[in-house]
Amino acid sequence: RRQMRVVFTGSRREHEMAQDIINRMRYREKALDIAGKTSLSQLAAVLQRCQLVLCPDSGTMHIARAVGTPLVGLFLAENPAEWGYNESGFTSVKGRNITVEQVLKKILEHKI
């Protein structure tokens, strides 16, 4: 979806990884890298404005949930329901070999 913006968050150490992903994107102009550039309260404000957050089981995921943003969580082996992640607006993809197709399917289920 060309109208979407993709915002990369994380620590300063993750900035290089975000740049590597952006450089591989077809529509690089739709990417915004703020990795290492926000405080926790600024990150919460950014996540609150998002239509959907896609991230691994991390602090960012918990912040997105706390501010009520629809969420697709990526889990290696954890069961998100054990941590109370079973409400509407939350979807997960689990496993050691998560595919792009699995993630896209979950994103499209949100109809953003």
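Here is a short report on the structure shown in this document. (Residues numbered from 1 in each chain as written. Predicted model: local features only at pLDDT ≥ 70, side-chain atom pairs only at ≥ 80, totals over all residues. Heavy atoms only, no water.)

Working definition: the strands of a sheet are paired by backbone hydrogen bonds and lie parallel or antiparallel to each other. Sheet architecture is open: three strands sit in the order E3-E4-E5, paired in parallel fashion. Looking along the sheet, the strands with just one partner apiece sit at the ends: strand E3 (53–56) and strand E5 (90–94). Averaged over all adjacent pairs, the angle separating strand axes in this sheet is 20°, with direction ignored. Two elements, E3 and strand E4 (residues 71–75), share four bridges in a ladder whose sense is parallel. Residue pairing in the sheet places Cys-55 in a bridge with Gly-73 of E4. Where helix H4 (residues 100–109) meets the sheet, its contacts fall on E3, E4 and E5, and the angle it forms with E5 comes to roughly 170°. (Pairing = 2+ DSSP bridges. Helix = DSSP H or I, 4+ residues; strand = E, 2+ residues; numbered from the N terminus. Axes fitted to C-alpha atoms, helices over the stretch in contact; angles between N-to-C directions. Contact = heavy atoms within 4.5 Å.)

Another point: the state of the cysteines. One pass over the full model with this rule turns up zero disulfides. Considering cysteine sulfurs only, Cys-55 is the nearest to Cys-50, which forms no disulfide, with 10 Å between them. Since its relative accessible area comes to 22%, Cys-50 is described here as partly exposed. (Disulfide = S-S within 2.5 Å. Buried < 20%, exposed > 50% of the residue type's maximum accessible area, 1.4 Å probe, protein only.)

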